[in-house]
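# Tertiary structure, described
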Amino acid sequence: MPGSRLRAEREGAGLSLTEMAKKIKFSKSLLGMVETGQRTASLELIAAYQKVLGVDMWRKDITHKKLLILTKASRATLLAGVERGDPGALRNTPTAHRTDVSLGNVVSEKAAEWFRKWAVEGDTATLRTNSLSVVAKLPGKHNADLVVQVLENDPKVRRLIVASEISRLTQLEWKVALQGADDPTTLPEPRKLAVKLAKGATNPKGTESRWACSYLLARLVSVLGR
């Protein structure tokens, strides 16, 4: 596992080397040597990165042409707005996976309350979906329960979340992924997709991803037996 990959994922999540070292309880100097290629990443270290960034931290982003990707500075600006009740770009711009992880890693309780509120009451489907994806990265059963509640009761958010899962796993065009969310049986290579969905359905991280994979598998049954 090249250290540069670990560095890219850490920086993509908006975490400094010092912050990562504190979270995973490895020394900052060791992380620096691994990320610059002076030391080889151990399985334990890779697992520690995955614990913070998610076991799916290597997955590709959705194929939507406009994704919100934050730097550390822009993340701070966005979160300052969130704490004032202003979602900013989250209202109309889909977030990259690394953005969701980045926000989930540093969000304050005040901001988390806004994300939970917007996941249910946001004035656009994009805002509700973005907020839900951040809430899904937060610890606690109450956050996971809220994710499931929204997915089961908000068809517009459900469509976007399911399309996002299709897009990430297949890299199909976003328009095709949306059509697949409406009718999964129209997706190409359903058996190949089902293998990936089965892995996602048992992923302990990312409640919305796990729910979407299970949802898609159930709706692909009719074509998998052909």
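The following paragraphs examine the structure supplied in this document. (Residues numbered from 1 in each chain as written. Predicted model: local features only at pLDDT ≥ 70, side-chain atom pairs only at ≥ 80, totals over all residues. Heavy atoms only, no water.)

For the protein, the helix and strand inventory stands at 13 helices and 0 strands. For the protein, the N- to C-terminal ordering of α and β elements is α-α-α-α-α-α-α-α-α-α-α-α-α. Against the globule reference of 17 Å for 226 residues, the protein gives a C-alpha radius of gyration of 18 Å, in line with a compact fold. Overall, the C-alpha framework of the protein stretches about 55 × 45 × 35 Å when taken along its three principal axes. For the protein, the proportion of its 226 residues judged to be buried stands at 50%. Restricting the contact set of the protein to residue pairs at least 6 apart, pairs at least 24 apart contribute 66%. Summing over all exposed atoms, the protein offers an accessible surface of approximately 11,200 Å²; the carbon and sulfur share of this is 54%. Positive and negative side-chain charges in the protein, numbering 37 and 23 respectively, have mean positions lying 3 Å apart. (Helix = DSSP H or I, 4+ residues; strand = E, 2+ residues; numbered from the N terminus. Rg over C-alpha atoms; globule rule 2.2 N^0.38 Å. Buried < 20%, exposed > 50% of the residue type's maximum accessible area, 1.4 Å probe, protein only. Contact = heavy atoms within 4.5 Å. Areas by Shrake-Rupley, 256 points an atom, 1.4 Å probe, with all protein chains shown as cover. Lys, Arg positive; Asp, Glu negative; His and termini not counted. Charge placed at Lys NZ, Arg CZ, Asp CG, Glu CD.)

Another point: the packing of aromatic side chains. Going through the model one piece at a time under the given rule, you end up with 3 aromatic pairs. On the numbers, 5.4 Å between centres and 35° between planes, the contact of Trp-114 with Trp-118 is tilted. Residue Trp-114 and its partner Trp-118 are both found in helix 7 (residues 109-121); the two are separated by 4 residues, about one turn of the helix. Since its relative accessible area comes to 7%, Trp-118 is described here as buried. (Phe/Tyr/Trp six-rings, centres within 6.5 Å; stacked < 30°, edge-to-face > 60°.)

As a further point, take the packing of helix 7 against helix 9 (residues 141-153). Following both chains from N to C, one finds helix 7 and helix 9 inclined at 15°, their axes separated by 10 Å at the closest point. Relative to helix 9, the element helix 7 lies roughly parallel. The two elements helix 7 and helix 9 meet at a crossing, and its hand is left-handed. Here Arg-116, Ala-119 and Val-120 of helix 7 come into contact with helix 9, specifically with His-142, Asn-143, Leu-146 and Val-150. Taken together, the residues of the contact of helix 7 with helix 9 sort by class into 4 nonpolar, 2 polar and 1 charged. (Axes fitted to C-alpha atoms, helices over the stretch in contact; angles between N-to-C directions. Parallel < 35°, antiparallel > 145°, perpendicular 65-115°, else oblique. Left-handed = near helix turned anticlockwise from the far one by under 90°. Nonpolar A, V, L, I, M, F, W, Y, C, P; charged D, E, K, R; others polar.)

We now examine the packing of helix 9 against helix 10 (residues 155-170). Two elements in contact, helix 9 and helix 10, have axes separated by 6 Å at closest approach and are oriented at 105°. Taken together, the axes of helix 9 and helix 10 lie roughly perpendicular to each other. Counted together, Val-150, Leu-151, Glu-152 and Asn-153 of helix 9 and Pro-155, Val-157, Arg-158 and Ile-161 of helix 10 form the full contact between these two elements. Split into classes, the residues belonging to the contact of helix 9 with helix 10 amount to 5 nonpolar, 1 polar and 2 charged.

Overall, the coordinates contain 10 salt bridges when judged by the stated rule. When the shortest N-O distance is used, the salt bridge between Arg-116 and Glu-109 registers 2.4 Å. The class of Glu-109 is exposed, set by a relative accessible area of 52%. In this structure, Asp-182 engages Arg-159 in a salt bridge whose closest nitrogen and oxygen atoms are separated by 2.8 Å. Taken together, the positions of Asp-182 in helix 11 (residues 174-182) and Arg-159 in helix 10 put the pair 23 residues apart, joining distant regions of the chain. (Salt bridge = Lys/Arg side-chain N within 4 Å of Asp/Glu carboxyl O.)

Considered for burial, the residues of helix 3 (residues 28-35) that qualify are Leu-30, Leu-31, Gly-32, Val-34 and Glu-35. At its buried positions, helix 3 is contacted by helix 1 (3-12), helix 2 (17-24) and helix 4 (43-53). Where helix 3 terminates, the next one or two residues include Gly-37, which has phi positive at roughly 85°.

Before going further, it helps to spend a moment on the side chain of Thr-129. Within the element layout of this structure, Thr-129 appears in helix 8 (residues 125-135). With relative accessibility at 8%, the residue Thr-129 sits in the buried group. Reaching out from Thr-129, the side chain makes a polar contact with the backbone oxygen of Ala-125 at a distance of 2.8 Å. (Polar contact = N/O pair within 3.5 Å; in protein donor to acceptor, adjacent residues only side chain to side chain.)

What follows deals with a positive patch on the surface. Among the surface-exposed residues, Lys-60, Lys-192, Lys-196 and Lys-199 lie close enough to one another that they form a single positively charged patch. By the element assignment, Lys-199 lies in helix 12 (residues 190-201). According to the relative accessible area criterion, Lys-199 is exposed, its value standing at 62%. (Patch = residues over 30% accessible without salt bridge, like charges linked within 9 Å, V, L, I, M, F, W, Y side chains within 5 Å.)

Tracing the sequence through the fold places Ser-164 in helix 10. Taking relative accessible area as the criterion, Ser-164 reaches 9% and is therefore assigned buried. Within the structure, the side chain of Ser-164 is placed 2.8 Å from the backbone oxygen of Leu-160, a separation counted as a polar contact. Beyond its immediate sequence surroundings of up to four residues, Ser-164 is in contact with Ile-62 and Trp-174.

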